[in-house]
Amino acid sequence: MTNIVLASPRWYCAWVDRAIGMLDDILSAHGAPIYVNHEIVHNKFIVNYFERKGVIFSDDLESIPSWNIMVFSAHWVAPSFVKAAKDKWLKTLDASCPLVIKVHNEAKKFISEGYKIIYIWKKTHQEAIWVADNDLENIFVVGSKQEANELMFESGQKLALLNQTTLSVDDTKDLISYVQSLYPDIQLPGFSDICYATTNRQEAVKQLVAESDALIIVGSKTSSNSTKLCLIWERAGIPSLLIDTPDEIPDNFLDNIKTLWISSWASVPDNLVQDVITYLEARWAKFTKEIVTKQEKMIFPYKLDLQ
Ligand code: SF4
């Protein structure tokens with residue numbers, strides 16, 4: 001018999017919850033179609049749910065007829081995209097996470113004070129695309145120590161270090177220390193740029209890594225943050241599995257597993273986690289407890305003011 005332990009916090013962060021609520025409510029108020037740039041959040045289940053209700057996910061403004069409603073996703077949207085949407089007379093609603101915008105505002109402030117920015121990122125993430133939409137002369141992107149070594153600045157140049165909000169806490173700490181060793185005078189933001197939801201979810205799966213035999217993360221493979229949760233365990237030599245639905249669990253996965261730890265990323269509805277537990281309970285596993293490492297009680301209200 002395998003004992004199942006649930007990690008918490010898991011599932012929606014307050015800003016993902018808000019973005020999903022905004023899209024649901026605007027759909028109820030105005031009806032389909034509603035357009036969304038990129039994906040409202042990085043989860044296949046949520047995207048499919050909204051597609052069935054008539055939401056169209058598209059970054060191709062050319063194909064979207066004027067005067068329709070477009071919601072900007074939680075990951076942020078480039079100012080050039082907002083302007084192009086306005087030029088098409090689209091009515092817009094912004095569901096961007098303000099913690100992402102905070103980093104962009106820090107960058108603007110530093111640049112206005114004569115700094116150049118070293119920005120730690122994961123190249124393919126939507127949130128980091130802002131770099132391409134900004135001041136490329138003053139922002140230098142880095143994803144590894146190798147890339148940090150390749151940077152060159154004039155002597156006396158003021159430097160500031162920022163990073164994407166949803167990176168691996170440990171890897172980012174390591175890279176920040178490395179960049180600091182290269183540029184000891186570099187300015188850091190007052191507070192960590194890694195958002196609270198990323199920190200809390202990574203900490204929650206790290207807590208009992210030594211006491212469990214395997215980990216299941218419920219999340220999509222398109223979500224790099226879900227992959228990072230698995231990576232924490234893989235680095236400790238403990239098997240982990242990233243799944244959207246229970247039918248992706250191999251038949252023999254529970255063999256020799258005494259304690260199984262389950263969690264999910266901030267864009268995953270909790271009923272998907274419950275589906276996995278129900279599936280496993282029908283196969284010689286038993287839910288035993290939930291371990292809460294941090295309470296999250298934030299709720300962010302919103303208005304459906306179309307711009
Ligand atoms: S995971 Fe972090 S950055 Fe992404 S929406 Fe939630 S709080 Fe914002």
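Let us now look at the layout of surface pockets. Space inside the largest pocket adds up to approximately 330 Å³. If you go around the largest pocket, you meet 20 residues; those closest to its centre are Trp11, Tyr12, Ala14, Glu296 and Met298. Counting only elements with at least two residues in the lining of the largest pocket, the list comes to helix H1 (14-30) and helix H7 (196-207). Per-element accounting of the lining of the largest pocket gives the leading share, three residues, to H1. The two domains that each donate at least three residues to the lining of the largest pocket are domain 1 (2-12 + 196-292) and domain 2 (14-98).

This next bit is on H7. Here H7 spans 16 Å end to end across 12 residues, near enough to the 16 Å set by a 1.5 Å rise per residue. Those residues of H7 that fall on the buried side of the exposure criterion are Tyr196, Ala197, Thr198, Asn200, Arg201, Gln202, Ala204 and Val205.

Here we come to the nonpolar core. Residues Ile40, Ile216, Leu260, Ile262 and Leu280 are the most contacted members of the largest nonpolar core, which totals 78 residues. Counting residues per element, this core draws most heavily on H1, which supplies nine residues. Three or more residues apiece are contributed to this core by two domains, here domain 1 (2-12 + 196-292) and domain 2 (14-98). Setting aside residues no more than four positions away along its own chain, Ile40 makes contact with Ala19, Leu23, Ile46, Phe50, Phe57, Val71, Ser73, Ala74, His75 and Ala95. Judged by nonpolar contacts, the second largest core, of 15 residues, contains Ile118, Leu159, Leu161 and Val169.

Lining the immediate surroundings of the ligand are Cys13, Trp15, Val16, Cys97, Leu99, Val100, Thr165, Thr166, Cys195, Tyr196 and Trp265. One can see that the ligand is located within the largest cavity. Only H1 and helix H4 (98-112) provide two or more residues apiece to the shell around the ligand. Split by residue class, the shell around the ligand holds nine nonpolar, two polar and no charged. Each of domain 2 (14-98) and domain 3 (99-182) accounts for three or more of the residues forming the shell around the ligand.

Cut-offs applied
- Residues numbered from 1 in each chain as written.
- Predicted model: local features only at pLDDT ≥ 70, side-chain atom pairs only at ≥ 80, totals over all residues.
- Heavy atoms only, no water.
- 1 Å grid on protein atoms, 1.4 Å probe; cavity = no way out; pocket = protein on both sides within 12 Å on 5 of 7 lines; lining within 4 Å.
- Points joined across faces, edges and corners; volume = space filled by probe spheres on them.
- Helix = DSSP H or I, 4+ residues; strand = E, 2+ residues; numbered from the N terminus.
- Domains from an automatic or database assignment.
- Expected span 1.5 Å × (residues − 1).
- Buried < 20%, exposed > 50% of the residue type's maximum accessible area, 1.4 Å probe, protein only.
- Core = buried A, V, L, I, M, F, W, Y, C linked by side-chain atoms within 4.5 Å.
- Contact = heavy atoms within 4.5 Å.
- Near = heavy atom within 4 Å.
- Sits in = over half its atoms within 2 Å of the grid points.
- Nonpolar A, V, L, I, M, F, W, Y, C, P; charged D, E, K, R; others polar.

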